[in-house]
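Coordinates in review
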Amino acid sequence: MPNISPAAWNYDTAAHLLLRAGFGHDGRFRKSAGEANQVSSLAKKTPDDAVAALLRMKTSTARGPAKLGDGNWAKLQGWWLDRMVKNPKAVREKAVLFLHAHFATARAKVDRPYYMAIQNALFREFALGDFRKLVKRINIDPAMLWWLDGISNKKGFPNENYGRELQELFTLGVYDFAGNKNYSQNDVEQAAKILTGWRNREDHAKLSSYFTMSRHEPGSKTIYASDAAETPNQNPTNQYLEPANAMDETLATTEHERLIDAIFNHVDTEGRPTVARYMARKAWKFYAYDPVVDMGTSRADLSLIDDLADAFKNSGYNFGELLRAIFLREEFYADSTKTVKSPVEYVVGTLRMLRGKLKGATRDNYSAGKLADMGQEIFNPPDVFSWRGNDAWITSQTMLKRCEFARDLAQNDTSTKHELGFNIFGFIDIAETTRAGVVDQLLKLLGPLPVDSMTRDELIAWLGTMDPIDLTDTTFVDKNVRALINLILTLPQYHVQ
């Protein structure tokens, strides 16, 4: 399929873009038109200009709260949750969330909030930029060195954990789309040796990694040579030799960067750029749906992935340009490509679109506890494979917790001292006198949500049995309209995007 055409671009597609590229619109609402301002603004542009507007933002390296004690996770988690809710242009924060899930570093082992704050800032710096450079920085990121045992990777005792995950999960994938292995056990061992010598300087004020020559494995290393047992079809152009550097500390210190260059030069057995294909698929899965590209299937989406991979590689592996290519594809907007919102997307998107408040102890409780109960504790993915996503988000327990959030949010007015809630008169048009008008406005504000006529009729009936209604009656609004919003937030249609 081609890119989405200007003729197909409208309010609904613009709202869909904001929902998937970020967390939905910013909640500013033109009551008389029943439309969110940010959606209307993008809908008036061409698709190219709308996507460009979302991606046009300054680099930020915010590191989170200035003072973080060893056990102050709730403060850090609350800070990032607050940033996702309040950032006017949430595309960068959504990309940071993708990178956090991709590199999957967790507090379960890295029990140092300031390590994770620095990594979060690193993701934010490169979220829409040079992905190759980001991977080079991740090699020696303090949190990653701790998470995958880089700090114990030294001469004579190479630790393979990071060298394996670097290739398996972060760049290449174990197999290419033809079912052939992209690397061998020897490549893991050689990568581990290249990565030896890095440690963390335990200084809360100036945390950094540093290189120790005496811990670095000397001698030459060869990766991606053909292995008859594991990679018999390996493209010979993939082979890379890191020459012996004797005692040249400058060369040794930058070995890990040349390893990344070799990985990004890797070509799969179908002659395609391996990293570009792997990351295009993973990004498309996160932002759109899980593509069918594996061996043994119809591989229906392979041309789509290759188009995205080409755009990514041709941009010099700029992640923002990969997102641009994704957000312009016609398939990105297809009704058949719905995917379940993650807990973060559900909570953050709801707060943004209703201009809700989540602050104080309640915010920290959500970020550190209740999101975890929904299945997604930020800064703590379950393992190196990260959260599984989509249908895995939905269980009887996690749905109950989502419904509790909807109830707690809907029943509270933030004009009082409540730490969770919203000002309903910020978006309800009090001039509206029909029940159907209120329902349609809310369905548009929180989506637009496509509901069948029976569901719509039941929502209308919740507001009473006859028109007109009086939205200046605060008792009616607090009892009926807030309950209506609660119902909409629990609709199956609201849990997908």
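Residues numbered from 1 in each chain as written. Predicted model: local features only at pLDDT ≥ 70, side-chain atom pairs only at ≥ 80, totals over all residues. Heavy atoms only, no water.

A short note on the pattern of salt bridges
Tallied over the entire structure, the rule returns 32 salt bridges. In this structure, the salt-bridge partner of Arg 277 is Asp 306, at a minimum N-O distance of 2.7 Å. Of the two residues, Arg 277 sits in helix α13 (residues 274-287) while Asp 306 sits in helix α14 (residues 302-314), which places them 29 residues apart along the sequence. For Glu 404, the salt bridge goes to Lys 401, with nearest N and O atoms at 3.5 Å. (Salt bridge = Lys/Arg side-chain N within 4 Å of Asp/Glu carboxyl O. Helix = DSSP H or I, 4+ residues; strand = E, 2+ residues; numbered from the N terminus.)

Quick look at the nonpolar core
Counting 147 residues, the largest nonpolar core has Phe 103, Ile 326, Phe 327, Phe 427, Leu 442 and Val 481 as the members making the most contacts within it. For Phe 103, the residues in contact, after removing those within four places along its chain, are Phe 123, Phe 131, Leu 134, Val 135, Ile 138, Met 144, Trp 147 and Phe 170. (Core = buried A, V, L, I, M, F, W, Y, C linked by side-chain atoms within 4.5 Å. Buried < 20%, exposed > 50% of the residue type's maximum accessible area, 1.4 Å probe, protein only. Contact = heavy atoms within 4.5 Å.)

Section: helix α5 (residues 91-103)
Because an α-helix completes one turn every 3.6 residues, residues spaced three or four positions apart along the sequence face the same direction. If you check α5, its first and last C-alpha atoms are 18 Å apart, about what 13 residues at 1.5 Å a residue would give, namely 18 Å. Just downstream of α5, Ala 104 is the residue with a positive phi angle, here 45°. (Expected span 1.5 Å × (residues − 1).)

Examining the packing of α5 against helix α6 (residues 113-126)
At a closest axis distance of 9 Å, the pairing of α5 and α6 adopts a crossing angle of 120°. Between α5 and α6, the angle is such that the two are oblique. Crossing geometry of α5 relative to α6 is assigned as right-handed. Residues Arg 92, Glu 93, Val 96, Leu 99, His 100 and Phe 103 of α5 form the contact with α6, whose participating residues are Met 116, Asn 120, Phe 123, Arg 124 and Glu 125. Of the residues assigned to the contact of α5 with α6, the class counts are 5 nonpolar, 2 polar and 4 charged. (Axes fitted to C-alpha atoms, helices over the stretch in contact; angles between N-to-C directions. Parallel < 35°, antiparallel > 145°, perpendicular 65-115°, else oblique. Left-handed = near helix turned anticlockwise from the far one by under 90°. Nonpolar A, V, L, I, M, F, W, Y, C, P; charged D, E, K, R; others polar.)

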